[in-house]
Amino acid sequence: MYIFISWLPSILIDNGYTENQAGYLRGVLQLSTAVPALVLIPLMAKMKDKRAMSFAMAILAFIGILGLLMMPEHALIWVICFGFSCGGGFILGLSFVGIRTHDAHQAAALSGMAQCMGYLLAATGPVIFGSLHESTHSWEVPLYMTLAVCVVWGFLALFAGRSHVIVRTQSGKDIVIDAPVHETLQDELKRLKKELALMTEERNELKKAFNAKL
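Residues numbered from 1 in each chain as written. Predicted model: local features only at pLDDT ≥ 70, side-chain atom pairs only at ≥ 80, totals over all residues. Heavy atoms only, no water.

In contact at an axis separation of 12 Å, helix 1 (residues 2-14) and helix 7 (residues 140-160) are set at 145° when each is read in the N-to-C sense. Every pair of crossing elements has a handedness; the one defined by helix 1 and helix 7 is left-handed. Residue-level inspection shows Ile-3, Phe-4 and Ile-11 of helix 1 in contact with helix 7, the latter providing Leu-143, Met-145 and Thr-146. Across the contact of helix 1 with helix 7, the residue classes tally to five nonpolar, one polar and no charged. (Axes fitted to C-alpha atoms, helices over the stretch in contact; angles between N-to-C directions. Helix = DSSP H or I, 4+ residues; strand = E, 2+ residues; numbered from the N terminus. Left-handed = near helix turned anticlockwise from the far one by under 90°. Contact = heavy atoms within 4.5 Å. Nonpolar A, V, L, I, M, F, W, Y, C, P; charged D, E, K, R; others polar.)

Structure below.
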């Protein structure tokens, strides 16, 4: 995302677009990143396994970049695809921090790791991209680099999108369990709490009846 915010106008200008057109398309790119918030958030609440959704974001990014390489004359379509994928990927990435963890400590640790790595890539990505362009005098090599990143993204998305939760055991070790199992345990705990509440209520009624007789 940061690579294309930085370099998309230059790529488009070298492909025959005017400066105004390139600026307009970069605006479309940034606007497209906001659309997934309206589409994906309602869907995420209904889907326990988010592998397909996560993988689809990587595929959309791949299609957008490949389109810019092969058919730059249709840049509007490719920019929208890429912007949607980046916005959706960002939403999914942030949501997984809460969905995949069991407590606040785990969420803070996972968030720190993910954002450290993510913003490290965001800071160095545009520099590497520009350096590749300067050394090769072409946009093809740096764009193929981003295609390779999309392949890695898609591979990791299949793992990150699984319905798994990190749970801390009594020994202090973190383990990964299936979310349905975790939810079953939570349901069982709720049932036991309800039974305990009923037993407490019956005991209080017995006490009242006993006190009334006295």
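Now that the structure is up, let's keep going.
Okay, the environment of Ala-61 next. Structurally, Ala-61 is set in helix 4 (residues 51-70). Between the alpha carbons of Ala-61 and Leu-147 there is a distance of 8.2 Å; along the sequence they are 86 residues apart. If sequence neighbours within four positions are ignored, Ala-61 has contacts with Phe-82, Ser-85, Cys-150 and Trp-153.

The subject of this paragraph is the nonpolar core. In this structure, Phe-4, Leu-8, Leu-12, Ile-65, Leu-68, Phe-82 and Leu-143 are the most contacted members of the largest nonpolar core, which totals 24 residues. Those elements that place two or more of their residues in this core are helix 1, helix 2 (19-32), helix 4, helix 5 (75-99) and helix 7. If we ignore the near neighbours within four places in the chain, the residues touching Leu-143 are Phe-4, Ile-11, Ile-65, Leu-69 and Phe-129. Counting eight residues, the second-largest nonpolar core is a separate cluster that includes Met-44, Phe-84, Ile-91 and Phe-96. (Core = buried A, V, L, I, M, F, W, Y, C linked by side-chain atoms within 4.5 Å. Buried < 20%, exposed > 50% of the residue type's maximum accessible area, 1.4 Å probe, protein only.)

For helix 2, spanning 14 residues, the distance from its first C-alpha to its last is 20 Å, which sits close to the expected 20 Å at 1.5 Å a residue. Of the residues making up helix 2, those classed as buried are Ala-22, Leu-25, Val-28, Leu-29 and Ser-32. Seen along its axis, helix 2 keeps its buried residues to an arc of 115°; they face one direction. Opposite the packed face of helix 2, turned more than 90 degrees from it, sit the exposed residues Glu-19, Asn-20, Tyr-24 and Leu-31. Elements that come into contact with the buried residues of helix 2 comprise helix 1, helix 3 (36-44) and helix 5. (Expected span 1.5 Å × (residues − 1). Arc of directions from axis to C-beta.)

For any pair of aromatic rings, the description consists of the separation of the ring centres together with the inter-plane angle of the planes. Tallying each qualifying case throughout the model produces six aromatic pairs. Their ring planes at 55° and their centres at 5.6 Å tell us that Trp-7 and Trp-139 sit as a pair that is tilted. In this pair, Trp-7 sits in helix 1 while Trp-139 sits in the loop between helix 6 (104-136) and helix 7, placing the two residues 132 residues apart along the sequence. We classify Trp-7 as partly exposed; its relative accessible area is 23%. On the numbers, 5.2 Å between centres and 65° between planes, the contact of Phe-155 with Phe-159 is edge-to-face. (Phe/Tyr/Trp six-rings, centres within 6.5 Å; stacked < 30°, edge-to-face > 60°.)

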